[in-house]
Amino acid sequence: TGVGGRVQAAAGGEVEAVAGGSVGGGAASGAPIGGPSCAVGASPTPPSWSPHTGPGIDYALLKRTDVPILGFADLILFSDDLHDCGESELRLRLRLMPGCFFILLRHFLRVDGVFIRTHDTRIFHKFGAKTVLRAKRVAQAPLPALPAAPAAAAPATSHGAPFS
């Protein structure tokens, strides 16, 4: 939670990695989803994420203007106004470059008079590397209560007949 209206977040967030010899495999490449060791009829095992101690997401590569962006998507997966009491939105942004891809999944939540929260999950993969990085971050701050609406002015009364 924030203190004094400041946003407080996990220090740098968590960076995790999933490693394997066949990162990038899957149904599109013809490899079984569980990896090359997945036997026919066996249920695939999901990859396990573990803490990553090496270099994190290569933001310098993502910021380079000399590297073309081959594809970009910005999709709103969910949006609601919380019955006029705030806002909730889940958005996915994808960037495909010649040497990597980057995904940002962001859930933004504002509850009027209560708090504002952003939950980010970033996924990054540099082609040729044997790991996919996932960084998670949550930031939250309290919101002050909305001010009360001013009292409506009493309607002017006429002592004579209307429209006279």
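Remember, predicted model here, so these are calculated numbers, not experimental data.

A look at the environment of Glu89
Argument step 1. Locating Glu89 in the fold gives a position in strand E5 (residues 86-97).
Argument step 2. Sequence spacing of Glu89 and Arg106 is 17 residues, and the spatial spacing of their C-alpha atoms is 8.0 Å.
Argument step 3. In this structure, Glu89 is in contact with Ile76, Phe78, Ser79, Arg106, His107 and Phe108, ignoring residues within four places of it in sequence.

Here we look at the pattern of salt bridges
Argument step 1. All told, the structure shown has 9 salt bridges when counted by the stated rule.
Argument step 2. Of the charged contacts in the structure, one is a salt bridge between Arg64 and Asp66, with a shortest N-O distance of 2.9 Å.
Argument step 3. A residue is classified by how much of its surface remains accessible, and Arg64, at 42% relative accessible area, is partly exposed.
Argument step 4. On the accessibility criterion, Asp66 (57% relative accessible area) is exposed.
Argument step 5. Put simply, Asp120 and Arg122 hold a salt bridge, and the shortest N to O gap is 3.4 Å.
Argument step 6. Look at Asp120 and you get buried, because its relative accessible area is 1%.
Argument step 7. Residue class for Arg122 comes out buried when judged on its relative accessible area of 19%.
Argument step 8. Ionic contacts of the salt-bridge type, sharing partners, join the residues Asp74, Glu89, Arg91 and Arg93 into one network.

Re the confidence of the model for the protein
Argument step 1. When pLDDT is averaged along the protein, the result is 79, and 70% of the positions lie at 70 or above.
Argument step 2. In the predicted structure, residues 1-11 sits below a pLDDT of 50 and forms 19 contacts with residues beyond four places in sequence or in another chain.
Argument step 3. Confidence drops under a pLDDT of 50 for residues 21-38, and excluding neighbours within four residues, the segment shows 17 contacts in the predicted structure.

Things to note about the environment of Leu75
Argument step 1. Tracing the chain through its elements places Leu75 in strand E4 (residues 71-80).
Argument step 2. A relative accessible area of 43% places Leu75 in the partly exposed class.
Argument step 3. Sequence separation between Leu75 and Arg93 is 18 residues; the distance between their C-alpha atoms is 6.4 Å.
Argument step 4. Leu75 has contacts with Leu90, Arg91 and Leu92, leaving out every residue within four places of it along the chain.

Definitions and cut-offs
Residues numbered from 1 in each chain as written. Predicted model: local features only at pLDDT ≥ 70, side-chain atom pairs only at ≥ 80, totals over all residues. Heavy atoms only, no water. Helix = DSSP H or I, 4+ residues; strand = E, 2+ residues; numbered from the N terminus. Contact = heavy atoms within 4.5 Å. Salt bridge = Lys/Arg side-chain N within 4 Å of Asp/Glu carboxyl O. Buried < 20%, exposed > 50% of the residue type's maximum accessible area, 1.4 Å probe, protein only. pLDDT = per-residue confidence, 0-100.

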